[in-house]
Structures are given as C-alpha cells and as structure tokens.
Amino acid sequence: MKTTYFNICLLGIVLSSFYHCTPSPSPNEPQAKQVSLIETHHQVTDLKIATLSTMLANRGIGEWGYAALVEADGRQLLFDTGQRPETVLKNAEELGFDLHEVEDVFLSHNHGDHTGGLLSLREKLKVLNPKAMSRVHVGKGIFAQRINGGNRMQEMKQQLEADGVEIIIYEKPTELFPGVWITGPVERIHDEKNYGQGGRIYTEDGEIVDNIPEDQSLAINTDKGFVVLAGCGHAGIINTLDYVKSTIQDKNIFAVVGGFHLVSASDEHLAWTAKHLQDFDVEKIVGAHCTGLHALYSLKESLALSREDAVVGSVGDYFDLKDGIHAGIIAR
Ligand SMILES: [Zn+2]
Ligand SMILES: [Zn+2]
C-alpha cells in the first residue's frame, strides 16, 4: 500500500505540481490494492451498467458525452459524468436512479464530455449526503498541462479539494472493489491512435502529441469473463483489452460497453478491430458515445452477433450480467 502510494506520489510530483496524493485512505473507506501480476481473482456475480449520458436517449436527454452508473455486488460507482452540468442529474432522476449514495466517481480522462457534470453532481448530492461523489478516481496524466485547448481539470481539482473531495491517481491496474478493477493508464502496444492529432502536452521530455495518456477503463471480473467499460477509448479498445488480459488476468472478454472512438475509423481499421474482438471472444457490445453507428454495425456483422448482443448505447438502456443487454427502444 505504502509503496503504491509512494510511487503514485513520486510520479505525480515529477509530472505536475497539481497532483495531490493521499498517503492512505481513512479506515472506513475502501482500500484500493495494487498487485503486480494479479493474484486476486474475485468474480463479481451481480452487475448492472446503466447509461446516463450518450448521444441517443430513450428517456431523458441525449448529448455528446458519456456517463454510466455501475452497480457491482451492491457497490456503486459513477463512471464519467456527461458533458452538460445537469444531464446526469436529470437523466438519473427521470430514470429513477438515486445517486445520493454514490461516493465513488471514475473519470476515464480529462475531456469535458466526460467530466462536465462532476461539479454540479457533487454540489447537488452532497446536500443530503456529504460523502456523495467524495472520491474521484483518475489516471496519471489527467492534470498534465495541455498546450492548446487547456485542461479544465486543474481548476476543477482545486474546487473539488476545497470541498473535501479526495482525488486518487492511478498508474497501475488497481482493484477498487472486489472484482472491479481500474486499469490506470493503458499501455499502447497497437497503433490505434484514437485521439485528435492537434493537441500538445508538456512532459519532462518536452512537448509531445497529446495522446490522452491518462485514458483508463474499468474492468469487471465475472464468471463469464471480463466486462470492460471504456469512456472514449482514446487508448484504443484493443490496447485496453490486451492490457486487461496481460495485467489483471488472462481470460476472455465477455462484454465491452461504452465509447470506443471508432466514429471516424476506416473500414480497414474496423476489420482489424473486429478480428481482435473475436480473438478476445467478445460476446456482447454496447457501443455508445464516440463508437459510431457505422462502426457498431460493422463490428456486429464481423463478429456475427445478434441484434440483442450488439447494440447502440442510449440513455435508459442497461447491461445486466445475467440477462444481457436491455437496449433502448431506438436501438432494438
Ligand atoms: Zn475524449
Ligand atoms: Zn468522449
């Protein structure tokens, strides 16, 4: 534990003075553990992932953004927070989800379409529960100084910390709840380049293309295989799945959910992606946000999945480990 936090702190200090590290969580809080090649293989048996922000909406509001509520064996986590301040709050209310008891927020990366709702969520929900949205889990690099386009996360960090929110920075796969893993930044072994080429970032080695180094996903270990939830897929969905298999456990990927950033991918790249998804034995896909409609249908065809098993994500839909995908009306 101490080594872990020490490493995180050390790297944080090197990269940016904006990093804040907490030596160890208080005794009542879930203790994130870090293991090298992982020895704990706890499997989640009850899992539900409900979409709260994406382009399509069956009920509530659609927007360019992403957010989902994850419920794993009774533990809750908000995965990303949508773009507009009110989207997730309004959609949760309309869909009947009470977010007051959600204390943990996962941010896939710094972009505003995933982080825009965080401050208003904290503001509204803390009134009834001061612990609501009080722990924010981010990947190393999220506060790095962007040269063009800025990085609102730096300002947001100050506001959140002033409000008592703990920000926890990850650099390695880490088990947050039993069987629920935060990947931390993903090794880019394939050249997927799922990010814009215009951004620049300052590092200790000078100025480099902003490849969104902090981009992280959630990997939930279940008896059917991993369920992997991606925000915008900037690290590349295949890189992410390879990383999950090589660092957490070498087993099949049962389902992929979220944004995979294939909206502008060539047919050649989609075919390459499909081939790899097939190799991972992917059986279910919810392609939301930046996955792209053509990309989703192309993957569906290439993997010979049924219309129930490969759907476009929409607000109000959900993935259930037992029953599969409950698609929105628009996506059936
Ligand atoms: Zn993004
Ligand atoms: Zn996005």
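Everything numeric here is computed off the predicted structure, so don't read it as measured data.

Draft legend 1. Broad picture of unusual backbone geometry. We note that Met-133 has phi near 55°; this positive angle belongs to a residue other than glycine. Tracing the backbone shows Met-133 in the loop between helix H4 (118-125) and strand E7 (135-139). By the C-beta count within 10 Å, which is 27 here, Met-133 ends up buried.

Draft legend 2. The arrangement of the nonpolar core in detail. Grouped together as the largest cluster of nonpolar side chains are 93 residues, with contacts concentrated most on Leu-218, Val-227, Val-228 and Leu-229. Those residues in contact with Leu-218 that sit more than four places away from it in its chain are Val-70, Phe-79, Phe-106, Val-180, Trp-181, Ile-182 and Leu-229.

Draft legend 3. Layout of helix H2 (residues 87-95). Taken together, the buried positions of H2 are occupied by Thr-87, Val-88, Leu-89, Asn-91 and Ala-92. Check the buried side of H2 and you find it contacts strand E2 (47-53), strand E4 (67-72), H4 and strand E18 (314-315). Of the residues one or two after H2, Gly-96 is the one with positive phi, at around 85°.

Draft legend 4. Representation of the sheet that holds E2 within the structure. One open sheet accounts for eight strands, arranged E8-E7-E6-E5-E4-E2-E19-E20; its pairing is mixed. A strand with exactly one partner marks an edge of an open sheet, and here the two such strands are strand E8 (166-170) and strand E20 (324-326). Across this sheet, the average inter-strand angle for adjacent strands is 20°, counted without regard to direction. Relative to strand E5 (residues 75-79), E4 runs antiparallel, the two sharing five bridges. Counted as the bridge partner of Ala-72 is Arg-75 from E5.

Analysis parameters
Residues numbered from 1 in each chain as written. Chains lettered and ligands numbered in written order. Predicted model: local features only at pLDDT ≥ 70, side-chain atom pairs only at ≥ 80, totals over all residues. Helix = DSSP H or I, 4+ residues; strand = E, 2+ residues; numbered from the N terminus. Buried ≥ 20, exposed ≤ 12 C-beta atoms within 10 Å, placed from the backbone. Core = buried A, V, L, I, M, F, W, Y, C linked by C-beta atoms within 7 Å. Contact = placed C-beta atoms within 7 Å. Pairing = 2+ DSSP bridges. Axes fitted to C-alpha atoms, helices over the stretch in contact; angles between N-to-C directions.

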